[in-house]
Amino acid sequence: MNSTAIGASPRRIDGRLKVTGAALYTADRTMPGMLYAYGVYSTVASGRITGIEQADARRVPGVVDILHNGNFPRLYKTPKSPISFTTILTASITDEHRLPFEDDTIHYGGQMVALVIADTYEHAREAAYRVKVSYAPGHAVTDLEHGIKAGGLKDAGSNHARGTPEPAFEQAKFKVDAVYRTPVETHNPMEMHATVAWWEGPELHLYEATQGATVHRNTIAQVFGLAPERVTVDCPFIGSGFGSKLFLWPHSVATSAAARMTGRPVKFVVPRAYMFTTTGHRPETRQHLRVSAGADGKITSIRHESVNTTSFIDQYLENCGGMTQSLYSCPNVTVTHQTTNVHRGAPTSMRAPGAAPGLFALESAIDELALACQQDPLQFRLANISTRDESNNLPWSSNHLREAIEAGGRKFGWDKRNPRPGSMIDGTQVIGYGMAVCNWDAWRTPSEARVFLRADGTASVTCAVQDIGTGMYTIVAQTISELTGLPFERIEVKLGDSSSPAAPVAGGSWATASVLPAVAEATREAIAQLRAFATGEGGEFAGAKPETLTLRDGKLGDGKRSVDFAAILNKQRFAAAEGFGRTGGAPNMDKMSFMSFGAHFVEVRWDPGISRLWVSRVVSAIDVGRVINPVTARNQVEGAIVMGIGMALFEATEYDERNGMPGNNNYAEYAMPVHADQPQIDVVLLDYPDLEFNEFGARGIGEIGITGFAAAVANAVYHATGKRIRDLPIVKEKLMA
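Residues numbered from 1 in each chain as written. Predicted model: local features only at pLDDT ≥ 70, side-chain atom pairs only at ≥ 80, totals over all residues. Heavy atoms only, no water.

Notes on the overall build of the chain
Point 1. A tally of helices and strands in the chain yields 17 helices and 28 strands.
Point 2. Against the globule reference of 27 Å for 737 residues, the chain gives a C-alpha radius of gyration of 27 Å, in line with a compact fold.
Point 3. Projected onto its principal axes, the C-alpha positions of the chain cover 80 × 75 × 50 Å.
Point 4. The burial tally for the chain puts 62% of its 737 residues in the buried class.
Point 5. Sequence separation of at least 24 residues holds for 81% of the intrachain contacts in the chain that already meet a minimum separation of 6. (Helix = DSSP H or I, 4+ residues; strand = E, 2+ residues; numbered from the N terminus. Rg over C-alpha atoms; globule rule 2.2 N^0.38 Å. Buried < 20%, exposed > 50% of the residue type's maximum accessible area, 1.4 Å probe, protein only. Contact = heavy atoms within 4.5 Å.)

Structure, rendered in structure tokens:
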């Protein structure tokens, strides 16, 4: 590498397109002769369809067809198989395994039971409102506790055990035994889920709001019985997804089928209300924590037993104890996971799945244990840091949690904290300080990329990975600039097209660590071909050894003279030097453990006179390996922090106990933090390259910022009020109870 592009913060190369409105998202797409689809959704959460009256709907002008169980084509299912990081490029994955309109059974409220196709959006919507569906309703299981009473619990796997935690707990001097609960959260990305589908003979084309063009292509191809090369999925821009757009949902299948049946392009945009039912959510959890410590303040046992809700269609695990088994040094640990079925749509991954609710419980319990030991929460955590991954007895590839805690604490001013709850007063406001540590698995999957050094003096790269708003376009350009010295204005990046080299989904914080090595390999191959051109017959450096030439600032040279690479290509009338890269997962997975770490420090303010609680200040110190782009990296952590504020103080999808239907299924009533709720945020990026993980030393950053954050807020609330809230969200009614 001979540039300084990695570690810099250039202007985002897709920024102008987005701020000028030139960036087209899926719902922006129009095509000649396009039809529009609108869903008809169940008004009961359990039961059976007994009839669909369509006559009134078909009288609406422009109605082309109404699809339902009685006339929907026979399609194919995808296997229910776990996600494999080694086979992600060929995987077929659905979030809801049931095909649309598969039968007349209602599994959840807001389930799509018919699809109206019309010449305009307005006609399709009006006709959908006129479709009358009758039901034989069943008894709806509406929440976690009702699910346990009605159907009991199922083992969900991903369990862990070491030592003898039960006797260690009983013998310990200090103990905490508590239950923590988190509600359903709904993703609510600003961009709606949407599909535009059309067929050209036997080939299917999609514009799709997806976090994974390659996997979506593979999956939709399997559903329609097509070879993957017969399907193209294009999504150059996505208005975030937070995990809800990782995998296939029924609306994409239904739209594709409608396009084939009508012989015309069809657009379907999922209404906001039904993004609360048909496109996933973070499930409800109940977590029982039993933790103990000895007289010396060392943790002696941890038992983390969690239950999460899942649908009657799919078995979904919220891996709440995944981080618990390795975050702290402890000889006696048990982690178990169970599920219970409820009449809700399929849950799915939501930013930091498992870890976000899991670390709320664990880090709240650890705080309670520190106070039981009469120790400062910061010092208690420092004393119990794990120096290796004790869950599998492997060394960490890189772990700077101690520095994250110490650096974050200094910047926050933790030493000014008066430990007595309610003792820090500022006028009418009571100040609370809270902290929590956080961690997240570092994953790396196979990925591909293709790079061209072109005769016009530019470089281009193609890769099917998505930019979900995080800056992937820019860091891919940074990688090429680092290796070639080309300025960003001479680098073209094309992402999100399944016809490009395959890439993993953009989720789980693995995209950067997976894609950049493939881009680097492709760039080096292109440079190698350029050297071969230059040293071959008729080349600018004919007869020289290729390895003696280096590419700097877009010029190939031998130390005595240098020639612009475009001149080398043009002299021999070559259009480009081309390179293809394909890299695998993280090496040495059996020899070391890869994970990211951090610490959150939160100041809350509570004004009891007006019953107002808010987060006023945050410092987060994050250890995610090398930081590729500090501005976009900080932006990711800041966004995760705001999402964590939503989790801690605002967000909960509420279901009517009488019928299982979501009641606050809109932006007006589903409370989320807005600009007025933004605190002062300082993000400290430690920037220690993890070169065991990849050549750049970078691990993912999108997820870790939300992990542990809700616990830091809850711990600060306790410090301010003396009330320990173990049931999210922390609303004023709970503080006033």
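Alright, that's what it looks like, and here's the rest.
Let's talk about the packing of aromatic side chains
Point 1. One pass over the full model with this rule turns up 22 aromatic pairs.
Point 2. Ring-pair connections join several aromatic residues into one group, and the members of that group are Phe 85, Trp 440, Trp 443 and Trp 510.
Point 3. Directly above the aromatic system of Phe 541 lies the positively charged group of Arg 561, at a separation of 4.4 Å from the ring centroid.
Point 4. If you follow Arg 612 out to its NZ or CZ, it ends over the ring of Trp 614, 3.9 Å from the centre. (Phe/Tyr/Trp six-rings, centres within 6.5 Å; stacked < 30°, edge-to-face > 60°. Lys NZ or Arg CZ within 6 Å of the ring centre and 35° of its normal.)

Brief notes about the nonpolar core
Point 1. Counting 93 residues, the largest nonpolar core has Leu 369, Ile 405, Phe 601, Val 602, Val 604, Val 713 and Ile 730 as its most contacted members.
Point 2. Filtering out sequence-adjacent residues up to four positions away, Ile 405 remains in contact with Leu 378, Arg 381, Leu 382, Ile 385, Met 435, Val 437, Ala 599 and Phe 601.
Point 3. Of all hydrophobic cores here, the second largest spans 52 residues; its members include Ala 459, Val 465, Ala 522 and Ala 577. (Core = buried A, V, L, I, M, F, W, Y, C linked by side-chain atoms within 4.5 Å.)

Concerning the side chain of Ser 596
Point 1. Inspection of the secondary structure assignment puts Ser 596 in strand β26 (residues 595–607).
Point 2. When its relative accessible area of 3% is taken as the criterion, Ser 596 is described as buried.
Point 3. Of the polar contacts made by the side chain of Ser 596, one reaches the side chain of Arg 699; its length is 2.8 Å.
Point 4. Apart from the residues within four sequence positions on either side, Ser 596 is in contact with Cys 438, Asn 439, Trp 440, Asp 623, Val 624, Arg 699, Gly 700 and Ile 704. (Polar contact = N/O pair within 3.5 Å; in protein donor to acceptor, adjacent residues only side chain to side chain.)

What about the pattern of salt bridges?
Point 1. Applying the stated criterion across every chain, the model contains 39 salt bridges.
Point 2. The residue Arg 162 makes a salt bridge to Glu 390 at a minimum N-O spacing of 3.7 Å. Taken together, the positions of Arg 162 in strand β8 (residues 160–162) and Glu 390 in the loop between α10 (377–383) and α11 (401–412) put the pair 228 residues apart, joining distant regions of the chain.
Point 3. The buried category is assigned to Arg 162, whose relative accessible area is 13%.
Point 4. Note that Asp 367 is salt-bridged to Arg 381, the shortest N-O span being 3.1 Å. In this pair, Asp 367 sits in helix α9 (residues 355–372) while Arg 381 sits in helix α10, placing the two residues 14 residues apart along the sequence.
Point 5. Here Arg 381 falls in the buried class, since its relative accessible area comes to 0%.
Point 6. Among the ionic contacts, a cluster of salt bridges with common partners joins Glu 363, Asp 367, Glu 368, Arg 381, Arg 724 and Arg 726. (Salt bridge = Lys/Arg side-chain N within 4 Å of Asp/Glu carboxyl O.)

Digging into the packing of helix α12 (residues 472–484) against helix α13 (residues 511–535)
Point 1. The geometry of α12 relative to α13 is characterised by a closest axis approach of 9 Å and an angle of 35° between their N-to-C directions. In the crossing of α12 with α13, the sense of the turn from one axis to the other is right-handed. Two secondary-structure elements touch here, α12 through Met 472, Ile 475, Val 476, Thr 479, Ile 480, Leu 483 and Thr 484 and α13 through Ala 511, Thr 512, Val 515, Leu 516, Val 519, Ala 520, Thr 523, Arg 524 and Ile 527. (Axes fitted to C-alpha atoms, helices over the stretch in contact; angles between N-to-C directions. Left-handed = near helix turned anticlockwise from the far one by under 90°.)

With respect to helix α7 (residues 250–262)
Point 1. Compared with an ideal rise of 1.5 Å per residue, which puts 13 residues at 18 Å, α7 spans 18 Å between its outermost C-alpha atoms and is within 8% of the ideal.
Point 2. Here α7 lies mainly inside the structure; 10 of its 13 residues are buried.
Point 3. Listed in full, the buried residues belonging to α7 are Pro 250, His 251, Ser 252, Val 253, Ala 254, Thr 255, Ser 256, Ala 257, Ala 258 and Ala 259.
Point 4. Along its buried surface, α7 packs onto β3 (63–67), β5 (112–118), β10 (194–200), β11 (203–208), α6 (213–223) and β13 (266–269).
Point 5. Phi turns positive, to about 70°, at Gly 263, one or two residues after α7. (Expected span 1.5 Å × (residues − 1).)

A closer look at the sheet that holds β10
In any sheet, the strands associate via hydrogen bonds between backbone groups, in a parallel or an antiparallel arrangement.
Point 1. Reading across the sheet, the 7 strands line up as β3-β5-β1-β13-β10-β11-β12 and stay open at both edges, with mixed pairing between neighbours. For this open sheet the edge positions go to β3 and β12 (231–234), each flanked by a neighbour on one side alone. With strand direction ignored, the average angle separating the axes of adjacent strands in the sheet is 20°.
Point 2. For strand β1 (residues 35–41) and β13, the ladder comprises 3 bridges, and the chain directions are parallel. When the sheet's bridge partners are listed, Tyr 36 is paired in β13 with Lys 267.
Point 3. Those strands touched by helix α3 (residues 121–130) are β1, β3 and β5, and its axis lies near 25° from that of β1. (Pairing = 2+ DSSP bridges.)

As for the environment of Ile 491
Point 1. When you line up the elements, Ile 491 lands in strand β21 (residues 491–495).
Point 2. Note on Ile 491: relative accessible area 8%, which makes it buried.
Point 3. In this structure Ile 491 touches Ala 459, Ala 477, Ile 480, Ser 481 and Leu 486, once residues within four positions along its chain are discounted.

Overview of the pairing of strand β16 (residues 333–341)
Point 1. A large share of β16 lies buried, amounting to 7 of its 9 residues.
Point 2. Of the pairings in the sheet, the one linking strand β7 (residues 154–155) to β16 comprises 2 bridges and is antiparallel in character. Counted as the bridge partner of Asp 155 is Gln 338 from β16.
Point 3. With 3 bridges connecting them, β8 and β16 associate as antiparallel partners. Among the inter-strand pairings, Arg 162 is bridged to a residue of β16, identified as Val 333.

Some details on the sheet that holds strand β20 (residues 459–463)
Point 1. A sheet is described by the order of its strands in space; here 4 strands give the open sequence β21-β20-β19-β25, paired in mixed fashion. Every interior strand has two partners, whereas the edge strands, β21 and β25 (576–583), have only one. The sheet shows a mean angle of 15° between the axes of neighbouring strands, direction not considered.
Point 2. In this structure, strand β19 (residues 447–454) lies alongside β20, joined through 4 bridges in antiparallel fashion. Its bridge partner being in β20, Arg 450 is matched across the sheet by Thr 462.
Point 3. α12 rests against β19, β20 and β21 of the sheet, and its axis sits at about 140° to β21.
Point 4. Along the sheet, α13 contacts β19, β20 and β25; its crossing angle with β25, the most-contacted strand, is approximately 145°.

Some details on helix α4 (residues 144–151)
Point 1. The distance from a side-chain oxygen at the start of α4 to the backbone nitrogen of Glu 145 is 3.4 Å, and the residue carrying that oxygen is Asp 143.
Point 2. Looking one or two residues beyond α4, the residue adopting positive phi is Gly 152, at roughly 75°.

Observations concerning the pairing of strand β27 (residues 612–623)
Point 1. Within β27, 11 of the 12 residues are buried, leaving the element largely enclosed by the surrounding structure.
Point 2. Across 11 bridges, the pairing between β26 and β27 is antiparallel. Residue pairing across strands places His 600 opposite Ser 620, the latter belonging to β27.
Point 3. The turn joining β26 and β27, which pair antiparallel and follow one another in sequence, is formed by 4 residues; a positive phi near 55° is taken by Ser 611.
Point 4. Since β27 and strand β28 (residues 680–685) lie parallel, the crossover through helix α15 (residues 630–650) that links them has a hand, and here it is right-handed. (Right-handed = clockwise from strand over helix to strand, strands pointing away.)

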